[in-house]
Amino acid sequence: LISLDQLAPILAGSSQILLLQIAVLLSIVPLSLMGIAPVITWRICAGLLAQLQAAGINPAGPAVTLVCAFSLAMLLSPFGPSALMLARYANTSPWRIAFNWNGGIALVAIPPLLLLSWFVQA
């Protein structure tokens, strides 16, 4: 709903792009916890990468962030096929797999993934 021409001057600095990357990473994961498939939010955000490049913004950092967010969302989503299948075979809840088994790994992985995204953007 907002024109990218209006957002391009706001996103011109590297710190603004980093804030955008943090927002994307930290929004895709909670959406997957609410039951929205990570591939849906990932696809909507990925469609904006070409517009970023047309506005003169390097899309490499946001692209890496999207891949990292998708990976974390699949790791933490109790609705994903891997969590559902593992829960069935382990006779436990998919929520337990998502949070107890994978939650700590995801929390440790978020800062290095954001750092990787920032290095790619720079």
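Look up a bit, the structure's there.
Residues numbered from 1 in each chain as written. Predicted model: local features only at pLDDT ≥ 70, side-chain atom pairs only at ≥ 80, totals over all residues. Heavy atoms only, no water.

**Some remarks on the overall build of the protein**
- Within the protein, the secondary structure is distributed over 8 helices and 0 strands.
- For the protein, the N- to C-terminal ordering of α and β elements is α-α-α-α-α-α-α-α.
- Counted over contacts in the protein with a minimum sequence separation of 6, partners at least 24 positions apart contribute 70%.
- When the accessible surface of the protein is totalled, it reaches about 7,200 Å², and 72% of it is carbon and sulfur. (Helix = DSSP H or I, 4+ residues; strand = E, 2+ residues; numbered from the N terminus. Contact = heavy atoms within 4.5 Å. Areas by Shrake-Rupley, 256 points an atom, 1.4 Å probe, with all protein chains shown as cover.)

**Considerations on the packing of helix α5 (residues 60-76) against helix α8 (residues 103-121)**
- Closest axis-to-axis distance for the α5/α8 pair is 8 Å, and the angle between their directions is 170°. Classified by the angle their axes make, α5 and α8 are roughly antiparallel. On the side of α5, the interface is formed by Ala60, Gly61, Pro62, Val64, Thr65, Cys68, Leu72, Leu75 and Leu76, while α8 contributes Gly103, Ile105, Ala106, Ala109, Ile110, Leu113, Leu116, Ser117, Val120 and Gln121.
- In the contact of α5 with α8, the residues fall into 14 nonpolar, 5 polar and no charged. (Axes fitted to C-alpha atoms, helices over the stretch in contact; angles between N-to-C directions. Parallel < 35°, antiparallel > 145°, perpendicular 65-115°, else oblique. Nonpolar A, V, L, I, M, F, W, Y, C, P; charged D, E, K, R; others polar.)

**Quick word on the packing of helix α7 (residues 94-101) against α8**
- Interhelical geometry of α7 versus α8 gives an angle of 40° and a closest axis separation of 4 Å. What the angle tells us is that α7 and α8 run oblique. Packed against α7, whose contacting residues are Ala98, Phe99, Asn100 and Trp101, the element α8 presents Gly103, Gly104 and Ile105 at the interface.
- For the contact of α7 with α8, the per-class residue count stands at 4 nonpolar, 3 polar and no charged.

**Considerations on unusual backbone geometry**
- Residues other than glycine seldom take positive phi values, yet Asn91 does so here, at roughly 55°.
- Note on placement: Asn91 falls in the loop between α6 (81-90) and α7.
- The exposed category is assigned to Asn91, whose relative accessible area is 72%. (Buried < 20%, exposed > 50% of the residue type's maximum accessible area, 1.4 Å probe, protein only.)

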